[in-house]
Amino acid sequence: MAKQLANPIASLVSVPLQLNYDDGYGTGGDGELWRLNVQPVIPFSASDDWNVISRTILPVIDQDGFPGAADSETGLGDTLQSLFFSPKALTESGWTWGVGPALLLPTATEDVLGAEQWAGGPTAVALRQSGSWTYGALANHLESFAGDGDRADVSATFLQPFLTYITPTQTTFAINTESTYDWETEQWSVPVNLSVSQLLKLGDQLVQVGGGVRYWLDSPSGGPDGWGLRMNLVLVFPRP
């Protein structure tokens, strides 16, 4: 089960709750942001040979001290919906892969919490699991096609290479980056995340709990800086 959780497109229903904290925002660097990402993963069997995996990211955001020092907002951010079409069988060399569309939905409840744009583009993932190791990468590219004409267009590429190691006691050690290149501003956001998680059974419910730190190697002017924190709770629902 821990090995399936290390696979972003496993045929496994799960609901990850990912809480992130970062600071260093704003012109004075005093702003801070809490972001709870609700990320349900729901697989469907499309045929004898193919799965379709729905991955949703709905952020709940609390930010303080930016854009201005007296500004504070709490609410929903924009939703990212991805669908991966993935063959059930591994490749001859043992790789799993999936491709499909990604769609950014303007669900933000406050102007500053979202882009106020509809955006879409391709997404893809490829990974290999060998013994205790899982390694691979996930990527997408989004281009805006509708929305508020007074707001900046969305044109962004997301890259997430990842590496995990699972011990015999179902403890998972992971490292990844969640890098984004904004083609409009020509700026990178590059956090490196280190985390450890443990698979547990609470009564009849399987859960994975964990946490870690991240360091921002690069970010736009006024963006996060230095170290950040991440905590995870994943509700797991094995398919019969």
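Residues numbered from 1 in each chain as written. Predicted model: local features only at pLDDT ≥ 70, side-chain atom pairs only at ≥ 80, totals over all residues. Heavy atoms only, no water.

Of the regular secondary structure elements, the protein holds one helix and 15 strands. A globule of 240 residues ought to have a C-alpha radius of gyration of about 18 Å, and the protein, at 18 Å, matches this closely. Each of the 240 residues in the protein was classed as buried or not, and the buried ones make up 40%. Restricting the contact set of the protein to residue pairs at least 6 apart, pairs at least 24 apart contribute 54%. Total accessible area on the protein stands at roughly 12,200 Å², and carbon and sulfur atoms take up 60% of it. Side chains of the protein carry 10 positive and 26 negative charges; the gap between the two charge centres is 18 Å. (Helix = DSSP H or I, 4+ residues; strand = E, 2+ residues; numbered from the N terminus. Rg over C-alpha atoms; globule rule 2.2 N^0.38 Å. Buried < 20%, exposed > 50% of the residue type's maximum accessible area, 1.4 Å probe, protein only. Contact = heavy atoms within 4.5 Å. Areas by Shrake-Rupley, 256 points an atom, 1.4 Å probe, with all protein chains shown as cover. Lys, Arg positive; Asp, Glu negative; His and termini not counted. Charge placed at Lys NZ, Arg CZ, Asp CG, Glu CD.)

By size, the foremost hydrophobic cluster in this structure holds eight residues: Ile9, Val41, Ile53, Phe84, Val125, Leu127, Leu138 and Phe162. With residues up to four places along the chain from it excluded, the contact list for valine 41 reads Pro8, Leu12, Val13, Ser14, Pro16, Ile53, Ser54 and Arg55. Formed by six residues, the second largest nonpolar core is a distinct cluster that contains Ala102, Leu104, Ala119 and Val154. (Core = buried A, V, L, I, M, F, W, Y, C linked by side-chain atoms within 4.5 Å.)

Positive phi, close to 70°, is recorded for glutamine 170, a residue that is not glycine. Positionally, glutamine 170 belongs in the loop between β10 (155-166) and β11 (171-177). At glutamate 186, a residue that is not glycine, the phi angle is positive and equals roughly 55°. Here glutamate 186 shows up in the loop between β12 (179-182) and β13 (187-202). With a relative accessible area of 61%, glutamate 186 lands in the exposed category.

Within this structure, the stated rule accounts for three salt bridges. Linking aspartate 22 and arginine 214 is a salt bridge whose minimum nitrogen-to-oxygen distance equals 2.7 Å. Taken together, the positions of aspartate 22 in strand β1 (residues 13-25) and arginine 214 in strand β14 (residues 205-218) put the pair 192 residues apart, joining distant regions of the chain. Per residue, the accessibility class of aspartate 22 equals that of arginine 214, and both read buried. Across the pair arginine 151 and glutamate 116 runs a salt bridge, and its minimum N-O distance is 2.7 Å. Note that arginine 151 is positioned in the loop between β9 (133-147) and β10 and glutamate 116 in the loop between β7 (95-105) and β8 (117-130), a separation of 35 residues in sequence. (Salt bridge = Lys/Arg side-chain N within 4 Å of Asp/Glu carboxyl O.)

Further remarks concern the environment of proline 67. Secondary-structure assignment places proline 67 in the loop between β4 (50-64) and β5 (72-76). The sequence separation of proline 67 and glutamine 170 amounts to 103 residues, and the corresponding C-alpha distance is 42 Å.

Pairing analysis gives five bridges linking β10 to β11, with the strands arranged antiparallel. Bridge assignment links threonine 164 to a residue of β11, and that residue is alanine 174. If you look at the hairpin formed by β10 and β11, you'll find four residues sitting between the two strands, and glutamine 170 has a positive phi there, around 70°. (Pairing = 2+ DSSP bridges.)

Here the second largest pocket defines a volume of roughly 270 Å³. Every residue lining the second largest pocket is counted, 18 residues in all, and those nearest its centre are Asn7, Ala10, Lys88, Leu90 and Thr96. When contributions to the lining of the second largest pocket are tallied by element, the ones reaching two or more residues are α1 (2-5), β4, β6 (79-87), β7 and β8. Partitioning the lining of the second largest pocket into residue classes produces eight nonpolar, eight polar and two charged. (1 Å grid on protein atoms, 1.4 Å probe; cavity = no way out; pocket = protein on both sides within 12 Å on 5 of 7 lines; lining within 4 Å. Points joined across faces, edges and corners; volume = space filled by probe spheres on them. Nonpolar A, V, L, I, M, F, W, Y, C, P; charged D, E, K, R; others polar.)

Where β1 meets strand β15 (residues 227-237), nine bridges bridge the pair, whose relative direction is antiparallel. Pairing of leucine 17 across the sheet is with leucine 233, part of β15. Sheet analysis places β1 next to strand β2 (residues 31-38), joined by eight bridges and oriented antiparallel. Looking across to β2, one finds that tyrosine 25 is bridged to glycine 31. Taking the residues between adjacent antiparallel strands as the criterion, β1 and β2 are bridged by five residues, where glycine 26 takes a positive phi near 90°.

On to the packing of aromatic side chains. A full pass over the atoms with the stated rule returns eight aromatic pairs. Their ring planes at 45° and their centres at 4.7 Å tell us that tyrosine 21 and tryptophan 34 sit as a pair that is tilted. With tyrosine 21 in strand β1 and tryptophan 34 in strand β2, this residue pair connects regions lying 13 residues apart in the sequence. Residue classification places tyrosine 21 among the buried positions, given a relative accessible area of 16%. Aromatic ring contacts, followed pair by pair, group Tyr181, Trp183 and Trp188 into a single cluster. (Phe/Tyr/Trp six-rings, centres within 6.5 Å; stacked < 30°, edge-to-face > 60°.)

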